[in-house]
Structure formats: structure tokens, C-alpha cells
Amino acid sequence: IQLYEVRGQALFDYINESQDFLIINGYSRKTKQNAAFDANSRGLSFDFLLEDQMHVYINSQHPLAKNKNLKVKDLKLFTLAAYPETFIFPYQDLYGKFNSQQPYRSTHQENLFNLISKDSSIATVQPGLVSRSNHYIHSGSVIDMTLSGTQLPFFFYMFYSPKPTDAAATFIQFLKKHLPL
């Protein structure tokens, strides 16, 4: 199994080129209806996998890190670290809640978390599942927090060829059986 970190429309190009690929893509509450369009417009099969919540990730040395969660107004204390494609940010209305500095941009999640681990004035918004496998969180340099009084659901869907290879079909069945996590 090979994992790729790709965003936007290029994500779906992989499936069009090979029946071995499957994609797991996330959608916000406002955009989850796009999952059917993304699949149907490309002739792909898709299944809902799980619902997660978006979390705010901050440096563990920030004074607010001792709290259980952040308030939306606290986001003004942070510069956002995000992917360069602003249109994929799942909760666009949160952009204006961060301070007005130009956001830090990176095409890789690893780089976003590296920035946060080194600078307590930077934060990112990512699915809660990130905390299960992120070494910056396990090392204690970055923590995940929820926003108090705010629900930020994130819906994961799996997309795949309607005629997957045997190996891809086996993996798809495995995911369907074992998710949600």
C-alpha cells in the first residue's frame, strides 16, 4: 500500500489512471453533498466511512494549551498554518477568526505541524484523527483542542473504481468492515 498526500481535483486523477487506487477524502457539513457529485461526475463508486470533528492544533507551550478547549475568539491569537489551496479549507468562516497575518502555507501536513512545534503563535485546523498518528502530538510538542460551543463535523468518504483490482477490492472490504474506527 502506498499513501499519497494530494488535494483538490488532482486527487481524483489517480483513480482515473488506475483501478488500484482508492481515495479517502473529507468534506465539511456544507460540502458533504459534493461527495456524490465528485463520484458520479467521474464514474466512480463511493461509500461513507466515518464522521470526525475538526480540531485546532497548537504548540503545547502556548499559555492556552493548559485549557481543555479554545474559544473561537482565541483564534485571533494565532496565525493559521494551512494548505495553499484556500478553497479546500473545510470551514471557510474560520479564516477570519485567526489573526490577520498572512497564513503560513505548505503542501504537506508534516510541515504545518513542524511550524507549530517551533512557534507557539501558529495553529492549524485538521481532523481529529490526525492526533492518532501524528508524532508531534505523541512527542508532546503539539496538542489538539476543540473549539468550545462549536461543532465542526468532518465526513470521510472513500472513492474507488467501479471495477477495482482484486487487491483494491480486498482493501475496500477491509475498510468497510473496520471503519468507523
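In the block above lies the structure referred to throughout.
Rules used throughout
Residues numbered from 1 in each chain as written. Predicted model: local features only at pLDDT ≥ 70, side-chain atom pairs only at ≥ 80, totals over all residues. Heavy atoms only, no water. Helix = DSSP H or I, 4+ residues; strand = E, 2+ residues; numbered from the N terminus. Buried < 20%, exposed > 50% of the residue type's maximum accessible area, 1.4 Å probe, protein only. Contact = heavy atoms within 4.5 Å. Polar contact = N/O pair within 3.5 Å; in protein donor to acceptor, adjacent residues only side chain to side chain. Expected span 1.5 Å × (residues − 1). Arc of directions from axis to C-beta. Salt bridge = Lys/Arg side-chain N within 4 Å of Asp/Glu carboxyl O.

Novice: Give a description of the overall build of the chain that names residues and reports values.
Specialist: Along the chain, the regular secondary structure elements total 6 helices and 8 strands. Walking the chain from its N terminus toward its C terminus, one meets helices and strands in the order α-β-α-β-β-β-β-α-β-α-α-β-β-α. Within the span of the chain, comprising 181 residues, buried residues form 44% of the whole. Summarising the internal contacts of the chain: among those between residues at least 6 apart in sequence, 72% fall at separations of at least 24.

Novice: Let's hear about the side chain of Ser-106: which residues, and what values?
Specialist: When you line up the elements, Ser-106 lands in the loop between strand S5 (104–105) and helix H3 (109–118). Of note is the side chain of Ser-106, whose polar atom sits 3.0 Å from the side chain of Asn-111. Dropping the residues within four chain positions of it, Ser-106 is found in contact with Ala-82, Tyr-83, Pro-84, Asn-111 and Leu-112.

Novice: Before we move on, can you summarise helix H6 (residues 166–178) with the specific residues and values?
Specialist: A rise of 1.5 Å per residue sets the reference length of H6, with its 13 residues, at 18 Å; its end C-alpha atoms lie 18 Å apart and thus fit the reference within 8%. Among all positions in H6, only Ala-168, Ile-172 and Leu-175 are buried. The arc enclosing the buried residues of H6, seen along the axis, measures out at 60°, which places them on a common side. When the buried face of H6 is taken as reference, the exposed residues oriented beyond 90 degrees from it are Asp-166, Ala-167, Thr-170 and Lys-177. Elements in contact with the buried residues of H6: strand S1 (22–28) and strand S8 (153–160).

Novice: Explain the pattern of salt bridges to me, and be specific about the residues and the numbers.
Specialist: Overall, the coordinates contain 2 salt bridges when judged by the stated rule. A salt bridge links Arg-42 to Asp-38; the nearest nitrogen and oxygen atoms lie 3.7 Å apart. Since its relative accessible area comes to 23%, Arg-42 is described here as partly exposed. Salt-bridge contacts for Lys-176 lead to Asp-47; the nearest nitrogen and oxygen are separated by 3.1 Å. Within this pair, whereas Lys-176 is found in helix H6, its partner Asp-47 is found in strand S2 (residues 45–59), the two being separated by 129 residues in sequence. A residue is classified by how much of its surface remains accessible, and Lys-176, at 35% relative accessible area, is partly exposed. Given the relative accessible area of 22%, Asp-47 is considered partly exposed.

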